[in-house]
Amino acid sequence: MCKKEGDASVLCFYKTIDNVIKRIDTFSEGCWINVVSPTPEEIAYLTEELSLDRSFVSAALDEEESSRVEVEDDQTLIIIDTPIAVTEADNTLVYTTMPLGIIVTKSSVVTICLNQITAVEDVAQGVVRNVQTAMKTRFLLMLLLRVAQSFLFRLKHINKLTSQMESELHRSMQNKKLVQMTGLQKSLVYFSTSLKANEITLEKIYRGRVIKLYEEDQDLLEDVLIEFRQAVEMSGTYSSILQETMDAFSSIISNNLNQVMKTLTIVTVLMEIPTMIFSFYGMNMQDLNRFIPYTGFALALSAGIVGIVAYIFWKKKY
């Protein structure tokens, strides 16, 4: 029932065998079920064959669902926000978040999401070591730790992109780069909101009222909390840096515009002087023969006044 070429939906079973996570063909006690964008038939299988709470499945597939924990009978739903990359219409890269639903039952752990999640894929491909699907609490915590690390990795990438954009903007003020920086700023806002909600959810788990916590899992849960708190701090710091950078470039753009307007104003004033002088002579000359002797004088007078005014502007550093 796993993903096929060209098929967006995924319903795969995994189990740790000889300390290695492997994909299996059917449901087995102590396995992990990974579901991505399920079809109506797959949803029916989850709710009818595996007896998952229908409201839990629906909540996990709601992209507007916020991070939370809910317990119903012998099933626990944990919704956690995870980072994903989105390319907008103008090819601007924006990081946003997608809710990942984790349903813990007596016999298995089920992850449900509308999109492929990097953290989940890492676990499925064996990138994360020492994963034990039968140890549901530990498996949950290791998955949450991978989500936290995924946030940290993308935050560092955002910071790197910000530095690159800043260097490029120093060389050339391009609208495309400014739009990209705005996209990164939006990403940090999304991350900050989601990370704070995730932190609250983890604190509820830490209090031990949601899932059964074993003594050996306490240290791992503390590590998860530390990673998420670090991500919250990094998100706030990078957001402040990016905001200050955007404000600085906004001031530079405004200053450049003022310089251009000042230059145009000075040129207009200087050009207006000859116009005024020749207009004066033009209004007072009765015929062309009388005008000609005064042309040289008018030119000299215009040049002199323009020179004086230009010198005054220069002295006053206009």
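Just so you know, these numbers come straight off a predicted model, no measurement behind them. (Residues numbered from 1 in each chain as written. Predicted model: local features only at pLDDT ≥ 70, side-chain atom pairs only at ≥ 80, totals over all residues. Heavy atoms only, no water.)

Digging into the overall build of the protein
Step number 1: Broken down by element type, the protein carries seven helices and seven strands.
Step number 2: Along the protein, helices (α) and strands (β) appear in the sequence β-β-β-α-α-β-β-β-β-α-α-α-α-α when read from the amino end.
Step number 3: For the protein, the proportion of its 318 residues judged to be buried stands at 43%.
Step number 4: Relative to all contacts within the protein whose residues are 6 or more apart in sequence, the contacts with residues 24 or more apart total 60%.
Step number 5: Carbon together with sulfur atoms contributes 53% to the accessible area of the protein, which is approximately 17,700 Å² in total. (Helix = DSSP H or I, 4+ residues; strand = E, 2+ residues; numbered from the N terminus. Buried < 20%, exposed > 50% of the residue type's maximum accessible area, 1.4 Å probe, protein only. Contact = heavy atoms within 4.5 Å. Areas by Shrake-Rupley, 256 points an atom, 1.4 Å probe, with all protein chains shown as cover.)

Regarding the pairing of strand S5 (residues 75–87)
Along any regular strand the residues' side chains alternate between the sheet's two faces.
Step number 1: Counting buried positions over the 13 residues of S5 gives ten, a clear majority of the element.
Step number 2: Two strands pair when backbone bridges link them, and strand S4 (residues 68–72) and S5 are joined in this way by five bridges, in the antiparallel orientation. Pairing of arginine 68 across the sheet is with isoleucine 79, part of S5.
Step number 3: Hairpin geometry of S4 and S5 is characterised by an intervening segment of two residues between the two adjacent antiparallel strands and by a positive phi of about 55° at aspartate 73.
Step number 4: Relative to strand S6 (residues 93–104), S5 is paired through twelve bridges, and the arrangement is antiparallel. Following the sheet pairing, leucine 77 is matched in S6 by isoleucine 103. (Pairing = 2+ DSSP bridges.)

Comments concerning the side chain of threonine 47
Step number 1: As for its placement among the helices and strands, threonine 47 is situated in helix H1 (residues 40–49).
Step number 2: Every residue in contact with threonine 47, bar those within four places of it in the chain, is listed here: Leu52, Arg54 and Val57.

Re the packing of aromatic side chains
Step number 1: Summed over all chains, the structure comprises six aromatic pairs.
Step number 2: Look at phenylalanine 13 and tyrosine 45: their rings are 6.5 Å apart centre to centre, the planes differ by 80°, and that puts the pair in the edge-to-face class. Of this pair, phenylalanine 13 sits in strand S1 (residues 10–17) while tyrosine 45 sits in helix H1, placing them 32 residues apart in sequence.
Step number 3: Its relative accessible area of 1% is what places phenylalanine 13 among the buried residues.
Step number 4: Each ring, one from tryptophan 32 and one from phenylalanine 139, has its centre 5.2 Å from the other, and the planes form 50°; the classification is tilted. Separated by 107 residues along the polypeptide, tryptophan 32 in strand S3 (residues 32–36) and phenylalanine 139 in helix H4 (residues 136–171) bring together distant segments of the chain. (Phe/Tyr/Trp six-rings, centres within 6.5 Å; stacked < 30°, edge-to-face > 60°.)

Considering the nonpolar core
Step number 1: Of all hydrophobic cores here, the largest spans 60 residues; its most connected members are Ile102 and Leu144.
Step number 2: What isoleucine 102 contacts, discounting residues up to four positions off in sequence, is Thr76, Leu77, Ile78, Val109, Val110, Thr111, Leu140, Leu143 and Leu144.
Step number 3: Core analysis: the second largest hydrophobic core is formed by 19 residues, Ile33, Ala59, Ala60 and Leu61 among them. (Core = buried A, V, L, I, M, F, W, Y, C linked by side-chain atoms within 4.5 Å.)

So, the environment of glutamine 185
Step number 1: Along the chain, glutamine 185 falls in helix H5 (residues 175–206).
Step number 2: Sequence separation between glutamine 185 and valine 94 is 91 residues; the distance between their C-alpha atoms is 8.7 Å.
Step number 3: When near neighbours in sequence (up to four residues on either side) are disregarded, glutamine 185 contacts Leu242, Gln243 and Met246.

Quick word on the confidence of the model for the protein
Step number 1: Within the protein, residue pLDDT values average 82, and 84% of them lie at 70 or more.
Step number 2: No element of the protein has a lower mean pLDDT than helix H7 (residues 288–315), at 65, and none a higher one than strand S7 (residues 109–113), at 95. (pLDDT = per-residue confidence, 0-100.)

Let's talk about the pattern of salt bridges
Step number 1: Per the counting criterion, the structure on display carries six salt bridges.
Step number 2: Here glutamate 65 makes a salt bridge to arginine 68, at a shortest N to O gap of 2.6 Å.
Step number 3: On the basis of relative accessible area, arginine 68 is assigned to the partly exposed category, the value being 22%.
Step number 4: Note that arginine 229 and glutamate 199 form a salt bridge whose closest N and O atoms lie 3.3 Å from each other. Of this pair, arginine 229 sits in helix H6 (residues 218–284) while glutamate 199 sits in helix H5; the two residues are 30 residues apart in sequence, bridging distant segments of the chain.
Step number 5: In this structure arginine 229 comes out as partly exposed when scored by relative accessible area, which is 36%. (Salt bridge = Lys/Arg side-chain N within 4 Å of Asp/Glu carboxyl O.)

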